[in-house]
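Structural overview
Spelled out, the chains give:
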Amino acid sequence: MVSRARRAPASLRFATSAFVVIWIVIAAFPFLWTLWGSFKVELDFFSIADWTNALTGPKTLDTYGSRFTLAGYEGAWLKEEFWRSAINTVIVCFFVVITSLTIGTLGGYALSRSGYRYTFWLLIAALIFRAMPPITLVAGYLLPFFEWNLWGRLSTTVIVLVAINQPFTLWMLHSFFQSIPKELDESAKVDGCTQFQAFRNVIIPVMWPGVITTGLFSFLLAYNDFAVTSMLLSDDNRTMVPKIAAFLGTTYTEGNVMFAVSAAISATVPLFILVMFFQRQIVSGLTAGAVKG
Amino acid sequence: MKHRTFFWFFLPTGLAMLLFIALPIVSVAIQSVFTPHGAVIETVKTCTPFGCKEETTINQDATRELRESQPLGRFVGTGIYFDRGHLAVQEVGEAWQTSQGLGDFAAKLGNLPFYRAMAFTLTFTFVATPMLIVLGLFIALAVNTLSQRIKGLVIFFSLLPFTVTPLIGSLILFWMIDSRGILGTAIQWMADDPGLSLKASTSLTWIMLIVYQVWHAAPFAFVVFYAGLQTLPQDQLESAQIDGATRWQQVRYVVVPHLMPLVTFVALIMLMDNFRVFEPIVGFNASAHATSLSWIIFNDLGGETRQLSAASATSVLTIIGVAILLSPVLVRTWRDFRSKK
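Residues numbered from 1 in each chain as written. Chains lettered and ligands numbered in written order. Predicted model: local features only at pLDDT ≥ 70, side-chain atom pairs only at ≥ 80, totals over all residues. Heavy atoms only, no water.

Considerations on the overall build of chain A
Scanning chain A from N- to C-terminus turns up 15 helices and zero strands. Projecting the C-alpha coordinates of chain A onto the three principal axes gives extents of approximately 80 × 70 × 30 Å. Out of the 293 residues in chain A, the part that is buried amounts to 53%. Once local pairs closer than 6 in sequence are excluded, the contacts in chain A between residues at least 24 apart make up 73%. Surface exposure of chain A reaches about 13,600 Å², of which carbon and sulfur atoms provide 68%. Taking the 20 positively charged and 16 negatively charged side chains of chain A as two groups, their mean positions are separated by 14 Å. (Helix = DSSP H or I, 4+ residues; strand = E, 2+ residues; numbered from the N terminus. Buried < 20%, exposed > 50% of the residue type's maximum accessible area, 1.4 Å probe, protein only. Contact = heavy atoms within 4.5 Å. Areas by Shrake-Rupley, 256 points an atom, 1.4 Å probe, with all protein chains shown as cover. Lys, Arg positive; Asp, Glu negative; His and termini not counted. Charge placed at Lys NZ, Arg CZ, Asp CG, Glu CD.)

Below you can see the structure in the form of structure tokens.
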């Protein structure tokens, strides 16, 4: 509760409110505008004559007899087979998150419970790996992947994304497991459990909050990646983000831009829902690194 | 935990990082000192009654054999690093000698791909980072004064630019600032110049990319600072107020020092992230005016001819750049570790 003495004068309160409102508009308006525009034809969304055309859509009315049209979505999802990319994205994200959490939990747990000096060096190595731009590694993948015929497959990309994910996952889970008291698993070991049994029966039941937060960030990394997926996937196996980039590559012919606009909106909707449901976890994940480190 | 147990717990993740991060770095470094074999050229002398002629032909068999026996290519040492596409030592030396004044020299450097990319990357990194920190701080201070119920809503909307796929986020802004888009039209109207296009000018393109990055990353700074504000020492603020500090002085001398460790944290993370700027350049279709090291690697690797050696050399240079930016973090972590002992 803010005490009376600390209360801001009305002018300052007004200024802060105005500032927050402006910020929200800056943050959210581009998405709303593009969402609205994705139901129009290109000549309305990119209107030379009058910018209000994007709002009212007269050309859309002329062409389709309605102010809203699903033509862009139809073209992207059916004609350009965006549904295929959507399925690929689901496959890639699902397996990246599952694998990365499985091996990351084991590793992060081990790092938090071992007192030896090498754990520090392993964490430092992970920090250095985390700072590497993934694109710098791609040149190293291509030659062996071509040689062994691994290039272009979804499974290869999943494994690469899991590996790129590991440093961050390890750091997050390491600090999370450190916040779980050691006495828990030690008492289990006194009762005759092996280390793995202690992990399985005592730690796993209480680790879900940290694992879910870490999983969200693994998902975001896999979902948002462009550099690795566009370099390592063949045309048929493309995920959504490289597919959208490919829409742009096929020159700005009429209609095609609207395919890209609708595809971009389609790919943003899952993120929107994610933020809506997991806002608390995302915020805590972002701040965890700052407060601890 | 025993060494043995630790080993088995850590093995899967360790193996993944070893095979797909550590080894590729080594292989990138090796590739960068080799260049693909040229074709094996033979000179055949054929003599006819009318005189002798020398013909040069490509010996296909020998070329294939050479390429198969040494798939890495020909060893060139640091040759690729110093060629025109990278550090361009020779060209820089010439430019230094022939140019009149520093401006001319800088202009000549700007024609070399590596220095062009570095100029943009460094400007981008060192302009966008402070701007997004300041914006994030102001948003955090402003949101902190709001009532609890609105806060959640504001945080929700603030997170959108940060969680959106960077490529898609930049595309959405790119479509809006298109000369036929809403922001493009608004800017033309404000500048009173119907022919104005942000895409045609180098400086405007740079500003556009920096604005995008601030929009995209300020929420991160905001969320971190906002979390820091929750632990603000109320008694210090109150005593500052009793001492007659104005609101601005309270922010300047109590709040900002309290947040300083977080500012350092955000700055270090953002310096590293901004240094690898890549997706916005693709999304804004800005490569004619702004390139970065990551973009050069991507460009070399894509397309029909995959120039692995050139890309590898740029990758190594990028890794060195990241290492320089990372060194303060490492020193800090090492000091923390030592002090804990």
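A short note on the interface of chain A and chain B
Chain A puts 101 residues into the contact, and the matching count from chain B is 94 residues. Summed over both partners, the interface of chain A with chain B buries about 8,800 Å², with 79% contributed by carbon and sulfur atoms. The interface formed by chain A and chain B includes zero salt bridges. Where chain A packs against chain B, one counts 14 residue pairs in polar contact (both at pLDDT 80 or more). Counting residues per element, the side of chain A that touches chain B draws most heavily on helix H15 (residues 256-292) of chain A, at 17 residues. (Buried area = accessible area lost by both parts, 1.4 Å probe. Salt bridge = Lys/Arg side-chain N within 4 Å of Asp/Glu carboxyl O. Polar contact = N/O pair within 3.5 Å; in protein donor to acceptor, adjacent residues only side chain to side chain.)

Structural notes on the domain arrangement of chain A
Residues and elements named next belong to chain A. Looking at the assigned domains, one finds that chain A contains domain 1 (33-69) and domain 2 (84-292). On a C-alpha basis, the centres of domain 1 and domain 2 stand 39 Å from each other. Interface area, domain 1 with domain 2, both sides summed: about 650 Å², of which 77% is carbon and sulfur. Scanning the region where domain 1 abuts domain 2 turns up zero salt bridges. (Domains from an automatic or database assignment.)

A word on the pattern of salt bridges
Residue and element names in this part refer to chain A. Within this structure, the stated rule accounts for five salt bridges over all chains. Two residues, arginine 84 and glutamate 81, come together in a salt bridge whose shortest N-O distance is 3.2 Å. Here arginine 84 falls in the partly exposed class, since its relative accessible area comes to 35%. With a relative accessible area of 33%, glutamate 81 lands in the partly exposed category.

Details of helix H1 (residues 10-37) of chain A
Count 3.6 residues to each turn of an α-helix, and residues three or four apart come out pointing the same way. Residue and element names in this part refer to chain A. Between its terminal C-alpha atoms H1 stretches 39 Å, which fits the 40 Å expected from 28 residues at 1.5 Å a residue. At alanine 28, H1 shows its strongest bend, of approximately 45°, with the proline proline 30 following within four residues. Inspection of H1 places Thr16, Val20, Trp23, Ala27, Ala28, Pro30, Phe31, Trp33, Thr34 and Gly37 among the buried residues, and these make up the whole buried set. (Expected span 1.5 Å × (residues − 1). Bend = angle between axes of the 7 residues up to and from the residue.)

Digging into the confidence of the model for chain A
In this model, chain A carries a mean pLDDT of 88, and residues with pLDDT of at least 70 account for 94%. When the elements of chain A are averaged for pLDDT, helix H3 (residues 53-56) of chain A gives the smallest value, 83, and helix H6 (residues 82-113) of chain A the largest, 95. (pLDDT = per-residue confidence, 0-100.)

Notes on the packing of aromatic side chains
This model, assessed by the stated rule, comprises 44 aromatic pairs over all chains. With a centroid separation of 5.0 Å and 75° between ring planes, the pair formed by Phe120(A) and Trp121(A) is classed as edge-to-face. For Phe120(A), a relative accessible area of 8% gives the class buried. Ring-pair connections join several aromatic residues into one group, and the members of that group are Tyr109(A), Phe176(A), Phe177(A), Phe196(A), Phe199(A) and Phe9(B). Lying across the ring of Phe68(A), Lys40(A) places its NZ or CZ 3.9 Å from the centre. If you follow Arg252(B) out to its NZ or CZ, it ends over the ring of Tyr253(B), 4.9 Å from the centre. (Phe/Tyr/Trp six-rings, centres within 6.5 Å; stacked < 30°, edge-to-face > 60°. Lys NZ or Arg CZ within 6 Å of the ring centre and 35° of its normal.)

A look at the pairing of strand S2 (residues 41-48) of chain B
Residue and element names in this part refer to chain B. Little of S2 sits inside the fold, with zero of its eight residues counted as buried. When S2 meets strand S3 (residues 51-58), the two strands line up antiparallel, connected through eight bridges. Residue pairing in the sheet places threonine 43 in a bridge with threonine 56 of S3. Where S2 folds back onto S3 in an antiparallel hairpin, the turn is made up of two residues. (Pairing = 2+ DSSP bridges.)

Topic: the environment of Gly152(A)
All names here are of chain A. Mapping glycine 152 onto the fold places it in the loop between helix H8 (134-147) and helix H9 (154-178). For glycine 152, a relative accessible area of 3% corresponds to the buried category. With 15 residues separating them in the primary sequence, glycine 152 and leucine 137 have C-alpha atoms 16 Å apart. In contact with glycine 152, other than residues within four places in its own chain, are Leu232, Leu233, Ser234 and Asn237.

Topic: helix H10 (residues 202-229) of chain B
All names here are of chain B. With 28 residues, H10 should cover 40 Å at 1.5 Å per step; its first-to-last C-alpha distance of 39 Å lies within 8% of that length. Of all the bends found along H10, the most pronounced is centred on alanine 217 and spans about 35°, while proline 219, a proline, follows it within four residues. Burial of H10 is extensive: 21 of the 28 residues sit out of reach of the surface.

Quick look at the side chain of Thr156(A)
Note that Thr156(A) resides in helix H9. Leave out the neighbours within four places in its chain, and Thr156(A) touches Phe145(A) and Leu150(A).

So, the nonpolar core
Residues Tyr141(A), Phe177(A), Trp175(B), Phe225(B), Val266(B), Phe284(B) and Leu301(B) are the most contacted members of the largest nonpolar core, which totals 180 residues. The greatest single-element share of this core, amounting to 16 residues, is contributed by H10(B). Core analysis: the second largest hydrophobic core is formed by six residues, Val92(B), Phe105(B), Leu109(B) and Leu112(B) among them. (Core = buried A, V, L, I, M, F, W, Y, C linked by side-chain atoms within 4.5 Å.)

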